[in-house]
Amino acid sequence: RPVRVRLAPARAYVDEKQKGEAVATTQLEALKTMSVVVADTGKPELVKKFKPQDCTTNPSLCYQAVQDPEYHGFLQQALNSKAAKSTDPARPYAGVADVLSVIIGAEMLKIVPGRVSTEVDAHLSHDAKACYDKAMHLLDMYAARGIEPSRVYIKLASTWAGVEACKRLQHEGVDCNMTLLFSFGQAAACADVGAALISPFVGRILDWHKAKYNRDYAPHEDPGVASVQRIYKYYKAHDYKTIVMAASFRNAGEIRELAGCDNITISPALLDELQASIEPLPRKLWPTMGGNSDERVSGMSQATFDSLHGSDEMAVEKLKHGIDSFSADQKKLEEQLAKLASTL
């Protein structure tokens, strides 16, 4: 039977949470009182500007960062690292890219009080053992810089192989951020294996629906927003501890509709927009809000995962496209590293 959760008025929840808090002056400051704000940028100076709790790296962000001459020192460190050696002759700079992501992540951890998410090479997304091995290699490189695993999220694509790797890593005390998440089936599987955090991609879900149905969506009817709302309510109803971190936004309206989500990762442009707004920002999500109608999915098998996820045309397409896109970004980063290395 569907689980029923007692409905708690948002006002009472908000009043209790805000006791003793200073009044927020901007929407960004207001959002920080409801959700953990994460900066979606690879540039430490932007992390300093917005003062988020956590931050992230990925090939796209690293690629953007090394275009700036200010970051060529990071590149030189990566090229000189013994850990930069690649075991794949076809990708001689793959190891350099890994080292660079850790160097940038370590720099960000000097600024933020929380964690950095560091991504496992998307080329490995369908190989659970390779994902696990890469994750441990990344953590070894962080450890060499004096950074404990407790300050790092290992970011994995939410494939079945990624879920299996996550299960093993979480069992060993390594917290995972499950990315490229588009379906309820993916979210249920990640929670079932104890993933520390998931990153549902709001904007990419919206992109698919706009292209499919040739129409626009207001923030309150945005299908990406609706997907995160469903997952959030399911997790809270069944007492999962997995953090929901909404990601990949196309506009600030989507963020406002998810105010109160556990974590929200936001690009610099949208952080600027929220920082500039002094309009009130009402809370839209809170743990005791109820509204869940999904039964708990436990002990998920690959067949169940394939059935749940595979029945969602949008999610299947966007997961494949996301892995292909992240892999292309990784390749582009490696090519750029080779080009820059020849000039240093």
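Quick caveat: nothing in here was measured; it's all calculated off a predicted structure.

Caption draft 1: Broad picture of the nonpolar core. Core analysis: the largest hydrophobic core is formed by 92 residues, its most contacted members being Ile-154, Leu-156 and Tyr-235. Counting residues per element, this core draws most heavily on helix 6 (residues 94–109), at 10 residues. In contact with Leu-156, other than residues within four places in its own chain, are Val-120, Cys-131, Gly-162, Ala-165, Cys-166, Leu-169, Cys-176, Asn-177, Met-178 and Thr-179. The next biggest cluster of nonpolar side chains, apart from the first, holds 13 residues, and it includes Leu-180, Trp-208, Met-314 and Ala-315.

Caption draft 2: Quick peek at the confidence of the model for the chain. Per-residue pLDDT for the chain averages 91, and the proportion of residues at 70 or more is 93%. Considering only residues more than four positions removed or in separate chains, one finds that residues 1–8, a stretch of pLDDT under 50, has 15 contacts.

Caption draft 3: The pattern of salt bridges, seen in detail. Tallied over the entire structure, the rule returns 20 salt bridges. Across the pair Asp-175 and Arg-115 runs a salt bridge whose closest N-O atoms are separated by 2.8 Å. You can see Asp-175 sitting in the loop between helix 8 (160–171) and strand 5 (176–181) and its partner Arg-115 sitting in the loop between helix 6 and strand 3 (116–119), a full 60 residues away along the chain. Judged by relative accessible area, which is 18%, Arg-115 ranks as buried. Residue Glu-273 pairs with Arg-256 through a salt bridge whose shortest N-O separation is 3.9 Å. A residue pair is termed long-range when its members are at least 10 positions apart, and Glu-273 in helix 13 (residues 268–276) and Arg-256 in helix 12 (residues 252–257) qualify at 17 residues. When its relative accessible area of 40% is taken as the criterion, Glu-273 is described as partly exposed. When salt bridges with common partners are traced through the structure, they connect Arg-91, Asp-121 and Glu-334 into a single cluster.

Caption draft 4: Summary view of the sheet that holds strand 2 (residues 54–56). Pairing within the closed barrel is parallel, and its 8 strands lie in the order 1-2-3-4-5-6-7-8. With strand direction ignored, the average angle separating the axes of adjacent strands in the sheet is 25 degrees. Examined bridge by bridge, strand 1 (residues 36–39) and strand 8 (residues 263–266) share 4 bridges and lie parallel to one another. Bridging from a neighbouring strand, Val-36 pairs with Asn-263 of strand 8. Lying over the sheet, helix 7 (residues 128–144) contacts strand 3 and strand 4 (152–157), oriented at roughly 155 degrees with respect to strand 4.

Caption draft 5: Region of the structure containing empty space enclosed by the protein. This model, assessed by the stated rule, comprises 3 cavities of 30 Å³ or more. Taken as a whole, the largest cavity holds about 110 Å³ of empty space. If you go around the largest cavity, you meet 14 residues; those closest to its centre are Pro-59, Asp-98, Ser-101, Glu-119 and Gln-330. Elements that contribute at least two residues to the lining of the largest cavity include exactly helix 4 (59–66), helix 6, strand 3 and helix 15 (313–341). With 3 residues, helix 6 is the largest single contributor of residues to the lining of the largest cavity. Taken as a whole, the second largest cavity encloses approximately 50 Å³ of empty space. The wall of the second largest cavity is formed by 10 residues, among which Lys-233, Lys-236, Ala-237, Pro-287 and Gly-290 lie closest to the centre. Partitioned by chemical class, the residues of the lining of the second largest cavity number 6 nonpolar, 2 polar and 2 charged.

Caption draft 6: View of the packing of helix 4 against helix 6. Where helix 4 meets helix 6, the closest approach of the two axes is 10 Å, and the angle between their N-to-C directions is 80 degrees. Looking at the two axes, helix 4 sits roughly perpendicular to helix 6. For the pair formed by helix 4 and helix 6, the contact residues are Cys-62, Ala-65 and Val-66 on the first element and Leu-100, Ser-101 and Ile-104 on the second. Classifying every residue of the contact of helix 4 with helix 6 by side-chain character gives 5 nonpolar, 1 polar and no charged.

Conventions and cut-offs
- Residues numbered from 1 in each chain as written.
- Predicted model: local features only at pLDDT ≥ 70, side-chain atom pairs only at ≥ 80, totals over all residues.
- Heavy atoms only, no water.
- Core = buried A, V, L, I, M, F, W, Y, C linked by side-chain atoms within 4.5 Å.
- Buried < 20%, exposed > 50% of the residue type's maximum accessible area, 1.4 Å probe, protein only.
- Helix = DSSP H or I, 4+ residues; strand = E, 2+ residues; numbered from the N terminus.
- Contact = heavy atoms within 4.5 Å.
- pLDDT = per-residue confidence, 0-100.
- Salt bridge = Lys/Arg side-chain N within 4 Å of Asp/Glu carboxyl O.
- Pairing = 2+ DSSP bridges.
- Axes fitted to C-alpha atoms, helices over the stretch in contact; angles between N-to-C directions.
- 1 Å grid on protein atoms, 1.4 Å probe; cavity = no way out; pocket = protein on both sides within 12 Å on 5 of 7 lines; lining within 4 Å.
- Points joined across faces, edges and corners; volume = space filled by probe spheres on them.
- Nonpolar A, V, L, I, M, F, W, Y, C, P; charged D, E, K, R; others polar.
- Parallel < 35°, antiparallel > 145°, perpendicular 65-115°, else oblique.

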